[in-house]
Amino acid sequence: MITDKDTLRVGTHVSIAGSIDKAVDRAVSIGCNTFQIFSRNPRSWRMKELNMDEVRKFKEKMIAHEIYPSVVHMPYLPNLASPKKDLYTRSIESLKIELARCNVLNVPYLVTHLGSHLGSGERSGIERVIDAINESLTEVDNEVVLLLENTSGYKNDVGGRFDEIGYVIDRVSDEKRIGFCLDTCHAFTAGYDIRTDQNVSNILEEIENTIGLDKLKIIHLNDSKEEFNSKKDIHEHIGLGMIGLNGFKAILKDNRLSKVPFILETPIDERRDDLGNIRLVRLL
Ligand code: ZN
Ligand code: MN
Ligand code: MN
């Protein structure tokens, strides 16, 4: 494990196409010293077993290039807040599998959304999320830390507000294995204005009071195509969206975040690629 905590850690979400170790090559080629992957196809319930030869190469490359931390994002289909018994059970199964895969890959963090209560009510949705997490962490006993990501708060989504996430985290029995991933695009469209220094400062204060800044392990650094408080989730290049450069400058210069790794989930198009966004973040 790399302990040079003074280095700015910036990376992007990278593809595992071909073989999982190629994700590290891709990250290195665009100057990442941290990155995020899906451990499998995120749009399917089916998955291939991890190939142990690829796993070995993945771990070797991570060490060789001093990349830390690596992050796995949960696939899209699981819904830990679902009132539908089948989907709920399957989602818990999926969470357990991803926790185990992270451990095999030596990945310290697994990011998940809290899910949608599908109209069954926020309270019961949140209780199901808590039960799902406690069951999974108990059954898959390793050191992988599960990070709850805030959402845009669209319709029946759980986890758009920091106090909801704080409530869940407080009720997870294994407190060392639960944390928070802040997505700047989701926060902004959920109603947290991060366009100025003062607002960023206030919002960090609110995170400290509801979740605890010590729980903030990763920031998904994304600008937003959609307006403030729109509850919509469309990412944009850093500085080119509705948050704008000032907001990102404020985030990147706040001392309270100086040790938190930043991972971009920004688009790739004719205006800019991942390398362009990483360069900009380092500049800021
Ligand atoms: Zn996410
Ligand atoms: Mn995100
Ligand atoms: Mn998003």
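Residues numbered from 1 in each chain as written. Chains lettered and ligands numbered in written order. Predicted model: local features only at pLDDT ≥ 70, side-chain atom pairs only at ≥ 80, totals over all residues. Heavy atoms only, no water.

Peer 1: Help me get a handle on unusual backbone geometry, residues and values and all.
Peer 2: With an omega dihedral of -10 degrees, the bond running from Tyr 68 to Pro 69 counts as a cis peptide bond. Its location among the elements puts Pro 69 in the loop between helix H2 (52–64) and strand E3 (70–73). In this model, Asn 229 sits at a positive phi of 65 degrees, which is unusual for a non-glycine residue. Looking at the secondary structure, you find Asn 229 in the loop between strand E8 (223–224) and strand E9 (235–236). (Helix = DSSP H or I, 4+ residues; strand = E, 2+ residues; numbered from the N terminus.)

Peer 1: Can you explain the sheet that holds strand E5 (residues 145–149)? Please cite residues and give values.
Peer 2: Across the sheet, eight strands lie side by side as E1-E10-E7-E6-E5-E4-E3-E2; this open sheet has parallel pairing. Both edges of this open sheet fall to strand E1 (10–12) and strand E2 (35–37), since each of them pairs with a single strand only. Recorded for the sheet is a direction-independent mean angle of 30 degrees between the axes of neighbouring strands. Here strand E7 (residues 216–221) runs beside strand E10 (residues 262–264); their pairing, made up of three bridges, is parallel. Bridge pairing links Ile 219 to Phe 262 in E10. Contacting E1, E7 and E10, helix H9 (residues 274–283) runs over the sheet at an angle of about 160 degrees to E1. (Pairing = 2+ DSSP bridges. Axes fitted to C-alpha atoms, helices over the stretch in contact; angles between N-to-C directions. Contact = heavy atoms within 4.5 Å.)

Peer 1: Any chance you could break down the pairing of E5 for me, citing the residues and the numbers?
Peer 2: One face of the sheet, then the other: side chains in a regular strand alternate in exactly this way. Within E5, five of the five residues are buried, which leaves the element mostly enclosed by the surrounding structure. Both strand E4 (residues 109–112) and E5 contribute to a ladder of four bridges, which runs parallel. Considered in E5, the bridge of Leu 110 is made with Leu 146. What joins E4 to E5 is helix H4 (residues 122–139), and the crossover it makes is right-handed. Relative to strand E6 (residues 178–183), E5 runs parallel, the two sharing four bridges. Looking at E6, one finds that Leu 147 is bridged to Gly 179. At this point the chain moves from E5, through helix H5 (residues 162–170), to the parallel E6, and the crossover so formed is right-handed. (Buried < 20%, exposed > 50% of the residue type's maximum accessible area, 1.4 Å probe, protein only. Right-handed = clockwise from strand over helix to strand, strands pointing away.)

Peer 1: Tell me what's going on with the coordination of the zinc ion (ligand 1), and back it up with residues and numbers.
Peer 2: The zinc ion (ligand 1) binds to the protein through His 73 (NE2), His 113 (NE2) and Glu 149 (OE), with metal-donor distances spanning 2.1 Å. Between consecutive donors of the zinc ion (ligand 1), the numbers of intervening residues give the motif H-x39-H-x35-E. (Donors = N, O, S within 2.8 Å, 3.2 Å for Na, K, Ca; no water.)

Peer 1: Kindly report on the pattern of salt bridges, identifying the contributing residues and their values.
Peer 2: Counted according to the given criterion, the structure contains 18 salt bridges. For Arg 195, the salt bridge identified is with Asp 193, shortest N-O distance 3.0 Å. Taken together, the salt bridges that share partners define one network made up of Asp 53, Arg 56, Lys 57 and Glu 60. (Salt bridge = Lys/Arg side-chain N within 4 Å of Asp/Glu carboxyl O.)

Peer 1: Please set out empty space enclosed by the protein residue by residue, giving values where relevant.
Peer 2: In total, this model carries one cavity of 30 Å³ or more according to the counting rule given. Looking at the largest cavity, its volume works out to about 80 Å³. Taken together, Phe 162, Leu 182, Thr 184, Ala 187, Ile 194, Val 200, Ile 203, Leu 204, Ile 207, Ile 219, Ile 251 and Leu 257 make up the lining of the largest cavity. Sorting the residues of the lining of the largest cavity by element identifies helix H6 (184–190) and helix H7 (197–210) as the ones contributing at least two each. (1 Å grid on protein atoms, 1.4 Å probe; cavity = no way out; pocket = protein on both sides within 12 Å on 5 of 7 lines; lining within 4 Å. Points joined across faces, edges and corners; volume = space filled by probe spheres on them.)

Peer 1: Which residues make up the pairing of E3, and what values go with them?
Peer 2: Neither face of E3 is left uncovered, since the one carrying Ser 70 and Val 72 and the one carrying Val 71 and His 73 both have all their residues buried. Note: E2 against E3, three bridges, orientation parallel. Considered in E3, the bridge of Ile 37 is made with Val 72. For the segment spanning E2, H2 and E3, crossover handedness is right-handed.

Peer 1: So what's going on with the layout of surface pockets? Which residues, and what values?
Peer 2: Of the volumes computed, that of the second largest pocket is approximately 420 Å³. As for the second largest pocket, its lining consists of 21 residues, and the residues nearest its centre are Tyr 76, His 113, Gly 115, Thr 151 and Asp 157. In the lining of the second largest pocket, the residues fall into eight nonpolar, nine polar and four charged. (Nonpolar A, V, L, I, M, F, W, Y, C, P; charged D, E, K, R; others polar.)

Peer 1: Explain the coordination of the manganese ion (ligand 3) to me, and be specific about the residues and the numbers.
Peer 2: Those donors, His 186 (NE2), Asp 233 (OD), Asp 233 (OD) and His 235 (NE2), are the protein atoms that reach the manganese ion (ligand 3), and they lie 2.2 to 2.6 Å from it. Note on Asp 233: relative accessible area 41%, which makes it partly exposed.

Peer 1: Before we move on, can you summarise helix H8 (residues 244–253) with the specific residues and values?
Peer 2: Taken together, the buried positions of H8 are occupied by Gly 244, Gly 247, Phe 248, Ala 250, Ile 251 and Leu 252. Tucked inside the fold, the buried residues of H8 contact H6, H7, E7, E8, E10 and H9.

Peer 1: Run through the packing of aromatic side chains, naming residues and quoting values.
Peer 2: Evaluated as defined, the whole model comprises five aromatic pairs. Considering the side-chain rings of Phe 35 and Phe 58, the 6.1 Å spacing of their centres and the 85 degrees angle between planes classify their relative orientation as edge-to-face. Of this pair, Phe 35 sits in strand E2 while Phe 58 is found in helix H2, placing the two residues 23 residues apart along the sequence. You'll find Phe 35 and Phe 58 in the same group, each marked buried. Ring centres of Phe 188 and Phe 228 lie 5.5 Å apart, and the angle between their planes is 55 degrees; this geometry places the pair in the tilted category. Here Phe 188, found in helix H6, pairs with Phe 228, found in the loop between E8 and E9; they are 40 residues apart in sequence, far enough to count as distant. (Phe/Tyr/Trp six-rings, centres within 6.5 Å; stacked < 30°, edge-to-face > 60°.)

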